[in-house]
Amino acid sequence: MPHFGLLTNPSNEILHEIKNILMLDFEFVEIAMEGPEGSPQIIIDKQFAILKLLEKFKHKPIGHTVPWMDLGSDYEYIRQAWILESMRNIRTATQLGIGLINFHTHLNGAMFTGEKRKILLDNWIKSLREIVRYADSHKIRVMLENVPVSKGIHKLEEFKYLIENVDGVFVHLDIPHAFTSGGMQAVIEYIHVFGNKISHIHWHDNNGTRDEHLPVGLGLIDHQRVVKELKSMNYDRTITLEVFTSTADAKSSANALKNLWGEN
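A.B. asks: Which residues make up the overall build of the protein, and what are the values?
C.D. replies: For the protein, the helix and strand inventory stands at nine helices and eight strands. Computed over the C-alpha atoms, the radius of gyration of the protein is 18 Å, within 12% of the 18 Å expected from 2.2 N^0.38 for a compact globule of 264 residues. Along the three orthogonal principal directions, the C-alpha set of the protein runs to about 45 × 45 × 30 Å. Per-residue burial over the protein gives 55% buried out of 264 residues. Counted over contacts in the protein with a minimum sequence separation of 6, partners at least 24 positions apart contribute 75%.

Printed below as a string of structure tokens:
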């Protein structure tokens, strides 16, 4: 059975968020390292109080960086700035005992289409290589999260291109993001292609056209089939419920997944 956790809401005071996740009896907390209430500076200012709360969870926390980092930018100063910010996130994660941190495959550059899109993908690879080396020196693993259908890197072929060209990077599979990209076929392909490289999962629901972050069962995803596929590869790592309607909905969604795991 995997371990289930919840993401902090960076709009709310971080200590209150962690206490609430603990009260809901989740096994770990995924810390949103973004403003207004979860920026690295705020986390460091509240570090000791956060650490006291984190000790009460069964499993280590996970780090979640801002989704709009432009690590593929063709503006070199911008790309370097985001690399520096990534390194600051890694240092902050170290202070909290985080061993796993994610980065989202966001892309700007609307005019970079066709063959020119590879410029941005290759910039991503250059950025990731630096970030992974830095994270290794801090004993933190870096994972890459697929984004929902967008100008970002959501298609399997492009995502695979990054993973195959950066040593030491792992996969953070967001199941509903994959669903917006290509339905159940895309979800199953992501699972089969990356297998044991999948270090962490985000789970919620949607109707296939946009990233709605609904409770499990209120969208069109075949959760039973996804659970069956993950069980077939003995997935027993971490799952964060990224349900944004309410924390109660996130808890009931976790329970629904646990029941499916027991039935399959």
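Text resumes after the structure shown.
A.B. asks: Residues and numbers for the packing of helix α1 (residues 14-23) against helix α3 (residues 47-54), please.
C.D. replies: Here α1 crosses α3 at 5°, and the two axes come no closer than 10 Å. Between α1 and α3, the angle is such that the two are roughly parallel. Of α3, the residues touching α1 (which contributes I14, L15, I18 and K19) are A49, I50, L53 and L54. Grouping the constituent residues of the contact of α1 with α3 by class yields seven nonpolar, no polar and one charged.

A.B. asks: Can you tell me about the packing of helix α7 (residues 175-194) against helix α8 (residues 223-232), naming the residues and giving the values?
C.D. replies: The geometry of a pair of packed helices is captured by two quantities: the angle between their axes and the separation between those axes. Between α7 and α8, the shortest axis-to-axis distance is 10 Å and the interhelical angle comes to 30°. Crossing hand, α7 versus α8: left-handed. Between α7, through I175, M184, V187, I188, I191 and H192, and α8, the contact on the second element is made entirely by R225, V226, E229 and L230. Of the residues assigned to the contact of α7 with α8, the class counts are seven nonpolar, one polar and two charged.

A.B. asks: Lay out the environment of D249 with the relevant residues and their values.
C.D. replies: Relative to the elements of secondary structure, D249 occurs in helix α9 (residues 247-263). Look at D249 and you get partly exposed, because its relative accessible area is 26%. The sequence separation of D249 and V216 amounts to 33 residues, and the corresponding C-alpha distance is 8.4 Å. Leave out the neighbours within four places in its chain, and D249 touches P215 and V243.

A.B. asks: Could you give an account of the side chain of H204, naming the residues involved and the relevant values?
C.D. replies: Inspection of the secondary structure puts H204 in the loop between β7 (198-203) and α8. A polar contact is formed between the side chain of H204 and the side chain of D174, at a distance of 3.1 Å. Setting aside residues no more than four positions away along its own chain, H204 makes contact with D174, P176, H177, D211, H213, L214, V216, I221, H223, E242 and V243.

A.B. asks: Provide a residue-level description of the environment of F112, including the pertinent values.
C.D. replies: Relative to the helices and strands, F112 is located in the loop between β4 (100-104) and α5 (117-137). Not counting residues within four places of it along the chain, the set of residues in contact with F112 comprises D74, R117, I119 and L120.

A.B. asks: Can you break down the pattern of salt bridges residue by residue, with the values?
C.D. replies: Between side chains of opposite charge, a pair can form when the charged atoms approach closely. According to the stated counting rule, one finds seven salt bridges in the structure shown. Between E85 and R88 there is a salt bridge, and its shortest N-O distance comes to 3.2 Å. Taken together, the residues span about one helical turn, with E85 and R88 both in helix α4 (residues 76-95) at a distance of three residues. A residue is classified by how much of its surface remains accessible, and R88, at 31% relative accessible area, is partly exposed. Among the ionic pairs, E164 bridges to K160, the shortest N-O distance being 3.7 Å. Taken together, the residues E164 and K160, both in helix α6 (residues 156-164) and four residues apart, mark about one turn of the helix.

So, how was this worked out
- Residues numbered from 1 in each chain as written.
- Predicted model: local features only at pLDDT ≥ 70, side-chain atom pairs only at ≥ 80, totals over all residues.
- Heavy atoms only, no water.
- Helix = DSSP H or I, 4+ residues; strand = E, 2+ residues; numbered from the N terminus.
- Rg over C-alpha atoms; globule rule 2.2 N^0.38 Å.
- Buried < 20%, exposed > 50% of the residue type's maximum accessible area, 1.4 Å probe, protein only.
- Contact = heavy atoms within 4.5 Å.
- Axes fitted to C-alpha atoms, helices over the stretch in contact; angles between N-to-C directions.
- Parallel < 35°, antiparallel > 145°, perpendicular 65-115°, else oblique.
- Nonpolar A, V, L, I, M, F, W, Y, C, P; charged D, E, K, R; others polar.
- Left-handed = near helix turned anticlockwise from the far one by under 90°.
- Polar contact = N/O pair within 3.5 Å; in protein donor to acceptor, adjacent residues only side chain to side chain.
- Salt bridge = Lys/Arg side-chain N within 4 Å of Asp/Glu carboxyl O.

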